[in-house]
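# Summary of the model geometry
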Amino acid sequence: MTSIVTAQDTKKELTLTSRYLRLANFLCAAQLYLQDNFLLTKPLTLEDIKPRLLGHWGTCPGINLIYANLNHLIRRYQLDMFLITGPGHGAPANLANLYLEGSLGEYDRKMTLDYAGLGNFIKSFSWPGGHPSHLYPGIPGTIHEGGELGYALATAFGAAMDNRDVIVACIVGDGEAETGPTATAWHSYKFIDPVESGAVLPIVHINGYKIASPTIYGTMNDTELEQLFSGYGYRPVIVKPPDLEAGMLSAVEWAYHEIRLIQDAARSGERIHQPKWPVILLRSPKGMSGIKELDGKPIEGHNRAHQVPAADLRNNPAHLKAVEAWLRSYKPEELFDKNGRPLQELLDLCPKGNLRMGMNPHTIGGLVRKDLVAQDIHQFKVTLESDGSSGFKRGQIHISNTAVASKYISQVIKDNPDNFRIFSPDELESNRIKVFDVTHRTYQWPLQKQDDDIGPDDGRVIEILSEHTCQGWMQGYVLTGRHALFPSYEAFFGIISTMMDQYAKFIKVSKEIPWRYPVSSLNYLASSTLWRQEHNGFSHQNPGFVNTLLNKKGDQVRCYFPPDANCLISTIDHCFRSKNYVNLIIASKLEMPQWLTMGEAIAHCRAGASIWKWASSFDGVNPDVVLVGIGDDTTVEVMAAAQLLRKEVPQLRFRVINITDLLVLEENSKHPHGLAQALFDALFTDNRSVIFNFHGYPSAVQQLLFNRGNPHRFHINGYIEEGSTTTPFDMTVRNKCSRFDIAIQALQLASKHNPEVAAVATDKVSLYGYLLRDHRRYIEAHGTDPKEITNWNWEF
């Protein structure tokens, strides 16, 4: 590495930086312990110590070193830069720097740069009503909490996409570096176009230890680390003792110029082939500048420095003395004036205004967010043919819902060339999302000649076979003010369920913070659904992501099951316009019957659930039983059962209901989309049996109906973990969701209320049971479903 530290980077500045680090490290340590005597103007006593010692010390000095040198870059080059901190438990360091730069005081007037403000700041850490021990949305400059390790790097790259003037610095701890998501995220630069996007400056903090054992990177020598990151496609530089401060200053200067070299070349039309982006590998002792040894055991440079190094202060006077000596080693009397204000020459090392990393506008995504340009959805509609009277020929058109919706998505891409992206784990075409007539996949590394649908510039689709990386990219992209869609196979959304959970927590807290403006929703499109994964088998049949979402707060999540293409378009349009939600849309990619006109679809989606009178007997009035479809495949079976019953048991009165918004089932007191009890009873009756034919696990619907009256009248069909490589209809038979299962249930339940039905129920139930058994024999003999199943059409 060639040093680019010039005469401007004088010995005086390095001396000031050293003093600034003493100040920041003192503030970190003070946050862990003190509730009074904040500048140690008298001997430390137990009355000065917080009743509960919470937090993490080990990574704080390294974060302070990084933050101070990033501040140098920002001041010198007036950079648009912010920081993502992977080790979120290093929050004391982030908070210390945000306090010193004044960002905390911008949002909390109690955090003044004087003794009173200093006390408020130090005491607030890990204190009820104050700042928690990890990063969270209430800390300015934060778009990633770092609670669950693994996806800081992917989030940083997502934030840099389409932000051509931004540099996102990202600290990756050497513990986090052991996670699978981080290992894949190192390849993100292979998808970043240096013309249209900004850059990420990864800084790997290698302090050698996790909570209780050495890290992998900590046990690797310099040559091994250099070879590893060179193989990833980076140009690494290692910063290590004894000269950490000057080494880090030189490293960030070098990294900045390397970034600008790559970007300037690409933006002038002279792209560098396989550019080697910079990465800084910072080796420093864990908990450096802290307690060196305690009770005869090493602390600094060991995993014992990870959390609160000396926690038994109330029962061990030696520990109290060790903490006091540690805090006094920073010489706070040399760092603050008589009013408790940090010395101005140290505060001057911080950037000003929106150049402060805590005040960067991109970290408040709702502040810079622009609405999507979206067209009238009627131009993308499926048109149903009139039946010659006042109705329509429903169910006669069989087309792929996702393929039709692709026309709408393609228009969104055209109208929003730098504000919308699709992140997909290599499944876009498989899911029949056809957008490659208006865009292409973006990829920067060398390709074969036949890869003509992939290019280095301006592609709106990024595909990588890592759901974790797609999720991290999407979070970074959305939280910095943009819009995204994440389509995938339904079964594999569970891979990112905890990432979604962490994001949902972030949004929940953000809603409670007045300066956090709403951001676009996370939009998941689950296709290749379990009911049509009969060719891939049992491993591809898992609707559990629905259940995961239902455990979130009602004002955070939405689960949609559009029954046809018009409903899917209406739903996607709604989700793209929404803010601060996690939206899950489940739609089959295969040819499905089309039921509703666009006008009907919009009304149906707005209501969330409605009676399909045209599919019911006696217009659904005074039903003996209610049949409910939730999901496109399971709705087809409800419709087939309705047609069968209307033809063969005309005396049966039944009502057909379709639900597209799953959350209408929950009480309105628990979810804003939930139906009031009076409306629920009007839809489902208050005393008749209701058969739900649900797309996913029955437990999801059971959960939502828990507080509805007379729960014994609800009968829920759904996926019951019966699957294999078999035929499509056999999937419904195995899980007792087929038309014949529904017909049997309806006759048995209606017989209680309608003696005319009871008179014929036994014969019909016996017949349908025989047809179910015969189906098994047929498919084993022929390898496919019978034609009366595969060629079934709704008789309008």
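Below: a short report on this structure. Just so you know, the residues in each chain are numbered from 1, in the order the chain's sequence is written. Given that this is a predicted model, residues contribute local features only at a pLDDT of at least 70 and side-chain atom pairs are listed and counted only at 80 or more, while totals for whole chains, interfaces and linings are drawn from all residues. With hydrogens and water stripped out, all remaining heavy atoms of the structure feed into the side-chain values.

### Regarding the overall build of the protein
Note the threshold: Segments assigned H or I by DSSP are reported as helices when at least four residues long, segments assigned E as strands when at least two residues long, and all are numbered from the N terminus. We take the radius of gyration over the C-alpha atoms and set the globule estimate at 2.2 Å times the residue count to the 0.38 power. The rule is simple: take the accessible area with a 1.4 Å probe, protein chains only, and divide by the maximum for that residue type; under 20% is buried, over 50% is exposed, in between is partly exposed. Only heavy atoms matter for contacts: two residues are in contact if any of them lie within 4.5 Å across the pair. Only four residue types enter the tally: Lys and Arg on the positive side, Asp and Glu on the negative side; His and the chain ends are excluded. For this purpose, a charge sits on NZ of Lys, CZ of Arg, CG of Asp or CD of Glu.
A tally of regular secondary structure across the protein gives 26 helices and 22 strands. Relative to the 2.2 N^0.38 estimate, which gives 28 Å for 796 residues, the radius of gyration of the protein is 31 Å and therefore close to what a compact globule would have. Expressed as lengths along the three principal axes of its C-alpha atoms, the size of the protein is roughly 95 × 65 × 45 Å. Across the 796 residues that make up the protein, the buried fraction comes to 62%. For the protein, long-range pairs separated by at least 24 residues make up 78% of all intrachain contacts whose partners lie at least 6 apart in sequence. Of the side chains in the protein, 78 bear a positive and 86 a negative charge, and the two mean positions are spaced by 3 Å.

### Let's talk about the pattern of salt bridges
Stated precisely, the cut-off is as follows: Salt bridge criterion: a side-chain nitrogen from Lys or Arg within 4 Å of a carboxyl oxygen from Asp or Glu.
Evaluated as defined, the whole model comprises 34 salt bridges. Two residues, D193 and R271, come together in a salt bridge whose shortest N-O distance is 2.9 Å. Highlighted residues: D193 in the loop between α7 (180–185) and β3 (199–206) and R271 in the loop between α10 (244–267) and β5 (277–283), separated in sequence by 78 residues. A relative accessible area of 2% means that D193 is categorised as buried. Across the pair E463 and R441 runs a salt bridge, and its minimum N-O distance is 2.5 Å. Of the two residues, E463 is situated in strand β12 (residues 461–463) and R441 in strand β10 (residues 441–442); the sequence distance between them amounts to 22 residues. Residues E463 and R441 agree in their burial class; the two are buried.

### A look at unusual backbone geometry
Here the bond from P241 into P242 is cis, since omega is 15°, no more than 30 degrees from zero. If you trace the backbone, P242 turns up in the loop between β4 (234–239) and α10. Positive phi is not limited to glycine here, since F618 has a value of about 55°. Mapped onto the secondary structure, F618 falls in the loop between β18 (609–611) and β19 (625–630).

### Notes on the packing of helix α18 (residues 565–577) against helix α19 (residues 598–607)
Spelled out, the test is: To get an axis, a line is fitted to the C-alpha atoms, and for a helix only the part in contact is used. The angle between two axes follows their N-to-C directions and goes from 0 to 180 degrees. Each angle is binned into one of four classes, with values under 35 degrees roughly parallel, values over 145 roughly antiparallel, values of 65 to 115 roughly perpendicular, and all other values oblique. With the far helix as reference, a near helix turned anticlockwise by less than a right angle produces a left-handed crossing, and one turned clockwise produces a right-handed crossing. Charged residues are taken to be Asp, Glu, Lys and Arg, nonpolar residues to be Ala, Val, Leu, Ile, Met, Phe, Trp, Tyr, Cys and Pro, and polar residues to be all remaining types, Gly included.
Their axes nearest at 8 Å, the elements α18 and α19 cross at an angle of 55°. The pairing of α18 with α19 is recorded here as oblique in orientation. For the element pair α18 and α19, the recorded crossing hand is right-handed. Contacts between α18 and α19 pair N566, C567, I569, S570 and T571 from the former with M598, A601, I602, H604 and C605 from the latter. In terms of residue class, the contact of α18 with α19 is built from six nonpolar, four polar and no charged.

### Some words on the sheet that holds β3
Put simply, the test is: Here, a strand pair is defined by DSSP locating no fewer than two bridges between the strands.
Ordered by their spatial adjacency, five strands build an open sheet running β1-β2-β3-β5-β4, and the pairing between neighbours is parallel. Whereas interior strands pair on both sides, the edge strands pair on one side only; in this sheet they are β1 (80–85) and β4. Neighbouring strand axes in the sheet, compared pairwise and without regard to direction, differ in orientation by 20° on average. Across seven bridges, strand β2 (residues 166–173) lies against β3 in parallel orientation. Bridge assignment links A169 to a residue of β3, and that residue is L201. Its contacts with the sheet place helix α2 (residues 60–77) against β1, β2, β3 and β5, and it is angled at close to 170° to β1. Seen against the sheet, helix α6 (residues 152–160) touches β1, β2, β3 and β4 and runs at an angle of roughly 175° to β2.

### Here's the deal with the sheet that holds strand β22 (residues 714–717)
Read from one edge to the other, the open sheet built from five strands follows the order β18-β20-β19-β21-β22, with strand pairing classed as mixed. Edge positions in the sheet fall to β18 and β22, since each of these pairs with one other strand and no more. The sheet shows a mean angle of 20° between the axes of neighbouring strands, direction not considered. In this structure, β19 lies alongside strand β21 (residues 689–694), joined through six bridges in parallel fashion. Counterpart to L627 in the pairing with β21 is I691.

### Here's the deal with the packing of aromatic side chains
Definition in use: Two aromatic rings from Phe, Tyr or Trp, using only the six-membered ring of Trp, form a pair when their centres are within 6.5 Å; if the ring planes differ by under 30 degrees the pair is stacked, by over 60 it is edge-to-face, and anything between is tilted. Counted as over-ring charges are cases with an Arg CZ or a Lys NZ within 6 Å of the ring centre that also lie within 35 degrees of the ring normal.
Here the structure, examined in full by the defined rule, presents 42 aromatic pairs. With centroids separated by 5.7 Å and ring planes inclined at 80°, the aromatic side chains of F380 and Y408 adopt a geometry described as edge-to-face. Taken as a pair, F380 in the loop between α13 (365–368) and β8 (398–400) and Y408 in helix α14 (residues 401–415) lie far apart in primary sequence, 28 residues in all. Y408 matches F380 in its accessibility class, with the two residues each being buried. The interplanar angle of 85° and the centroid separation of 6.2 Å between the aromatic rings of W595 and W794 together place this pair among those described as edge-to-face. Note that W595 is positioned in the loop between β17 (591–593) and α19 and W794 in the segment after α26 (787–790), a separation of 199 residues in sequence. In terms of burial, W595 and W794 fall into one category: buried. Connected via pairs of aromatic rings, a cluster forms that spans F157, W186, Y189, Y217, F229, Y232, Y234 and W277. The residue whose ring lies beneath K190 is W445, and the NZ or CZ to ring-centre distance is 4.9 Å. Against the face of F618 rests R653, its NZ or CZ located 4.3 Å from the ring centre.

### With respect to the side chain of H144
Note the threshold: Counted as a polar contact is a pair of N or O atoms within 3.5 Å, where, for protein atoms, one must be capable of donating a hydrogen and the other of accepting one, and residues adjacent in sequence contribute only when both atoms are in side chains.
Take H144: it is sitting in the loop between α5 (115–124) and α6. Among the residues examined, H144 registers a relative accessible area of 5% and is labelled buried. A distance of 3.5 Å separates a polar atom in the side chain of H144 from the backbone nitrogen of G146. Excluding its chain neighbours within four sequence positions, the residues that come into contact with H144 are I84, T85, G86, L135, Y151, A152, T155 and F506.

### Quick notes on the nonpolar core
Burial of nonpolar side chains together is a common tendency in soluble globular proteins. Filter applied, for reference: The definition of a nonpolar core used throughout is a set of buried Ala, Val, Leu, Ile, Met, Phe, Trp, Tyr and Cys residues joined through side-chain atoms within 4.5 Å.
Counting 178 residues, the largest nonpolar core has L27, Y33, Y524, L662, L665, F684 and F692 as its most contacted members. Broken down by element, this core gets its largest block of residues, twelve residues, from helix α1 (residues 11–33). Setting aside chain neighbours within four positions, we find F692 in contact with V628, I630, I659, L665, F684, V701, L705, F714, H715, I716 and N717. Of all hydrophobic cores here, the second largest spans 41 residues; its members include W595, L596, L645 and L652.

### Quick look at the pairing of strand β9 (residues 420–424)
Most of β9 sits out of view: five of its five residues are buried. Of the two faces of β9, the one lined by F420, I422 and S424 and the one lined by R421 and F423 are each fully buried. Judged from the three bridges that link them, β9 and strand β13 (residues 483–489) form a sheet pairing that is parallel. Each bridged residue has a counterpart across the sheet, and for I422 the counterpart in β13 is L485. In terms of strand pairing, β9 meets β12 through three bridges, oriented parallel. Bridge pairing in β12 places S424 opposite E463.

### A short note on helix α11 (residues 317–328)
Three or four residues apart is the spacing at which side chains of an α-helix point the same way, because the helix has 3.6 residues per turn. Stated precisely, the cut-off is as follows: Multiplying 1.5 Å by the helix residue count minus one yields the expected span of that helix.
The terminal C-alpha atoms of α11 lie 17 Å apart, and with twelve residues this matches the ideal 16 Å at 1.5 Å per residue to within 8%. N-capping of α11 is provided by N316, with a side-chain oxygen placed 3.1 Å from the backbone N of A318.

### A short note on a nonpolar patch on the surface
Short version of the rule: Residues enter patches when their relative accessible area tops 30% and they take part in no salt bridge; the joining distance is 9 Å for like charges and 5 Å for the nonpolar side chains Val, Leu, Ile, Met, Phe, Trp and Tyr. Note on areas: Shrake-Rupley, 1.4 Å probe, and residue coverage restricted to the protein chains presented here.
On the surface, L367, V368 and Y517 cluster together to form a nonpolar patch covering roughly 260 Å² of accessible area. For Y517, the position within the fold is in the loop between α16 (497–510) and β14 (522–527).

### Focus on the environment of E467
Along the chain, the position of E467 falls in helix α15 (residues 467–479). Excluding residues within four positions of it along the chain, E467 makes contact with P425, E427, F486, S488, F492, I495 and I496.

### Regarding the environment of S616
Mapped onto the fold, S616 is located in the loop between β18 and β19. Apart from the residues within four sequence positions on either side, S616 is in contact with I611, R646, F654, R655 and V656. Polar contacts involving the side chain of S616 include one to the main-chain carbonyl oxygen of W612, which spans 2.9 Å.

Any functional reading would require information that these geometric values do not contain.
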